[in-house]
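# Topology and contacts: notes
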Amino acid sequence: MRSISDQHVADARHGPRGVRRRELTAFLILAFTIPWLLWLLRALTGIDLVAAGGMLGAGVATFVTVRWARRPGDIPRDTAMAPLRPTGRLVRFCLIGLAAPPAFAFLAVAIGALAGVYPIDLTGFSGLRAVYAPETAGQDGVPVGTILSALAVNLGMSVLALPLFFCEEWAWRGFLLPRLRPLGLWPALLLGGLIWGLWHLPGFVGTGTAHRLVPFLVTVVLFNVLLGWLRLASGLIWPCVIAHAANNTLVNAFVQVLFAADDRQALSNPWTLGLGGWPGWLVMLAVIAALVAGDAFRRAAAREPVPARMRARPRRLRRMVTGVFTVVLAAALTGAAVQHSLAPTDPRRYAAPGRLVDLGSHHLHLRCLGTQGPTVVFASGWGDSSTTWADLQAALATSGRRSCAYDRAGYAWSSPGTGDQDVTAQADDLAALLSRAGESGPFVFVGHSWGGHVARLFHARWPERVAGMVLLDPADEHTMKDLATPAAIQATVWSAAAAVGLLRTGDWMVDPREPRLTRDNVPVVFGPATWEAAAAEMRTYDASTRAVREQPRTAGSWGSLPVIVLSARGDQPTITHHRQIAALSTRGRHIVAPTDDHYLHLADPALVLHHVRGIARQKACHQTRGEHEVDRLQPGALAGADRIRIRCWSGGERVAMYLADAAG
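Residues numbered from 1 in each chain as written. Predicted model: local features only at pLDDT ≥ 70, side-chain atom pairs only at ≥ 80, totals over all residues. Heavy atoms only, no water.

## Considerations on the packing of helix 9 (residues 213-234) against helix 11 (residues 278-293)
Interaxial distance between helix 9 and helix 11 falls to 10 Å at its minimum, and their mutual angle equals 30°. One finds that helix 9 runs roughly parallel with respect to helix 11. Relative to helix 11, the crossing made by helix 9 is left-handed. Packed against helix 9, whose contacting residues are Pro215, Val218, Thr219, Leu222, Phe223, Val225, Leu226 and Trp229, the element helix 11 presents Trp281, Met284, Leu285, Val287, Ile288 and Leu291 at the interface. Its residues assigned to classes, the contact of helix 9 with helix 11 shows 13 nonpolar, one polar and no charged. (Axes fitted to C-alpha atoms, helices over the stretch in contact; angles between N-to-C directions. Helix = DSSP H or I, 4+ residues; strand = E, 2+ residues; numbered from the N terminus. Parallel < 35°, antiparallel > 145°, perpendicular 65-115°, else oblique. Left-handed = near helix turned anticlockwise from the far one by under 90°. Contact = heavy atoms within 4.5 Å. Nonpolar A, V, L, I, M, F, W, Y, C, P; charged D, E, K, R; others polar.)

Now the structure itself:
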């Protein structure tokens with residue numbers, strides 16, 4: 001057993017830096033391990049304790065480290081929980097912590113509203129009503145009672161969750177920040193923010209929210225700088241606890257929806273929404289710049305100077321930065337080498353589940369099951385491949401219904417197309433694919449999101465080949481322009497991640513509801529080529545939406561085509577747009593699904609399957625000019641036309657054919 005004198009000798013030999021390294025290592029291992037264990041619990045059992053358990057785990061990691069990983073000293077002072085005097089100073093900074101995040105969020109909302117990326121409603125407060133009083137939707141006037149109720153609810157949540165926010169602040173600002181200070185104030189603030197942001201990663205993996213990670217990291221780093229100033233200026237973590245609680249409740253669930261219109265897609269855009277989007281980044285950067293200009297960071301740091309013996313020497317800091325950069329670069333080069341060496345064998349190890357159809361300039365992947373017509377054709381949303389429909393295809397095949405899902409040019413097993421891949425080119429590709437594959441129409445199209453654009457353009461150009469449509473929360477060609485640039489950035493980031501082999505580490509970025517076929521083929525389904533194709537789609541966004549907008553929009557212009565438009569609930573402008581699409585057909589139906597999940601086919605596959613089967617069983621008739629429900633020809637109904645061929649079918653079987661002329 002080591003004696004007390006031996007312990008003192010060891011401490012003298014290793015010095016404070018050795019102690020600090022041991023503390024940091026123990027703390028980071030514990031703090032990061034706990035949320036990943038909770039993530040594993042969620043993946044295995046569906047019990048989701050990642051958020052609250054991770055916050056509690058950060059506090060546990062701090063307690064274990066300061067209590068057992070080193071000799072205990074004055075823990076409250078060592079982790080900025082004390083001293084609480086002078087009381088006036090503590091109260092002043094706590095009030096700053098409470099008021100600053102909502103104030104910053106109000107400024108961010110104002111900037112977003114002026115820029116047109118935040119949908120504002122100062123007459124009906126429809127966004128607030130949709131969240132807190134949906135029974136009052138459609139009413140006008142200031143809902144004073146609802147506002148006060150929402151404010152009280154979020155203040156109550158702030159108070160109830162204070163123990164969890166304390167655990168986080170005790171960890172990141174109480175323990176971690178002082179131990180990073182020897183690197184320098186700004187390296188400590190920026191590195192601490194990055195560590196804090198990456199600690200949240202288990203909350204994104206496997207939840208279908210991976211697209212939010214990049215803007216979240218930017219927000220966390222900036223917010224960490226401000227919390228770091230608050231911690232150093234006050235000398236305590238308590239103002240940070242209150243600021244953290246105010247941000248997570250008053251800002252996210254109150255300020256950012258208070259003046260909003262009921263626009264679910266705009267209010268869920270991580271790049272533009274409130275304090276967490278670019279308007280909020282501008283506000284936080286402006287505040288940081290003002291604090292720097294006023295010398296506030298230097299004065300705050302001077303209140304808590306780093307002992308000279310603890311300061312990292314410049315040469316040592318350079319070595320550390322160089323070492324980190326070298327490790328990251330080596331990992332990236334190694335991953336890129338692995339990706340480059342394995343990619344040529346992917347077609348063999350991840351064989352296409354369907355067949356590749358030659359279109360002349362490129363090949364498209366098509367997977368079909370079943371035999372009975374009319375054939376159901378699935379068109380995927382942006383960033384998704386044919387495998388997302390595998391479970392629905394299997395369910396249709398059990399009753400004999402034929403269905404086909406395909407990958408657009410560049411996605412998954414399809415090769416890149418030539419020229420701009422706007423929605424017009426994609427509709428042309430789909431028409432050529434079905435013809436070259438020998439798939440006889442008419443077809444029932446199921447289009448999700450961006451796939452709704454493809455289905456609508458296909459119908460506009462070849463109406464006689466369409467027996468019906470089921471559109472799942474189709475993209476809005478009028479209001480989604482602000483998402484094009486962030487989506488292209490997201491695709492570029494994921495393409496880079498795939499290029500260095502990160503996506504070969506497993507299906508961590510895949511929605512766990514995706515079919516097994518998706519999860520088993522991640523390196524191809526979400527490979528670099530897929531994300532490059534997704535980015536290319538967004539670069540042609542204007543041309544694509546213009547082509548859709550130019551189509552006839554008068555009610556009944558689709559004739560009697562069987563159409564169902566399924567909307568995710570909660571976004572009134574988009575629901576109104578979907579209702580207008582359904583009205584293009586005299587037999588169109590608009591249905592709001594009992595979920596606010598954009599991925600309806602994953603959130604409620606039974607509902608989607610029910611309506612697809614219903615449309616496939618309906619009777620439809622087509623003629624070469626327009627579209628009519630025809631049981632028998634009425635004299636004069638076709639006046640002014642030459643000979644017109646009209647075909648009718650029901651459940652895929654042709655039941656009648658008419659050859660008419662102007663005499664009827």
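## Thoughts on the sheet that holds strand 5 (residues 443-448)
Within the open sheet, the eight strands sit side by side as 1-2-4-3-5-6-7-8. Their pairing is mixed. A single partner strand is all that each edge strand has here, and the edge strands are strand 1 (355-358) and strand 8 (588-592). Going across the sheet, the axis of each strand differs from the next one's by a mean of 25°, ignoring polarity. Relative to strand 2 (residues 363-369), strand 1 runs antiparallel, the two being bridged by four bridges. Paired with Asp358 across the bridge in strand 2 is His363. (Pairing = 2+ DSSP bridges.)

## Here we look at empty space enclosed by the protein
By the definition in use, this model includes five cavities of 30 Å³ or more. Computed from the structure, the largest cavity encloses a volume of approximately 50 Å³. Surrounding the largest cavity, Trp172, Arg173, Leu176, Leu177, Leu180, Ala188, Leu189, Gly192, Asn224 and Gly228 form its lining. For the lining of the largest cavity, the secondary structure elements donating two or more residues are helix 7 (162-180), helix 8 (185-199) and helix 9. Of all the elements, helix 7 adds the most residues to the lining of the largest cavity, at five residues. (1 Å grid on protein atoms, 1.4 Å probe; cavity = no way out; pocket = protein on both sides within 12 Å on 5 of 7 lines; lining within 4 Å. Points joined across faces, edges and corners; volume = space filled by probe spheres on them.)

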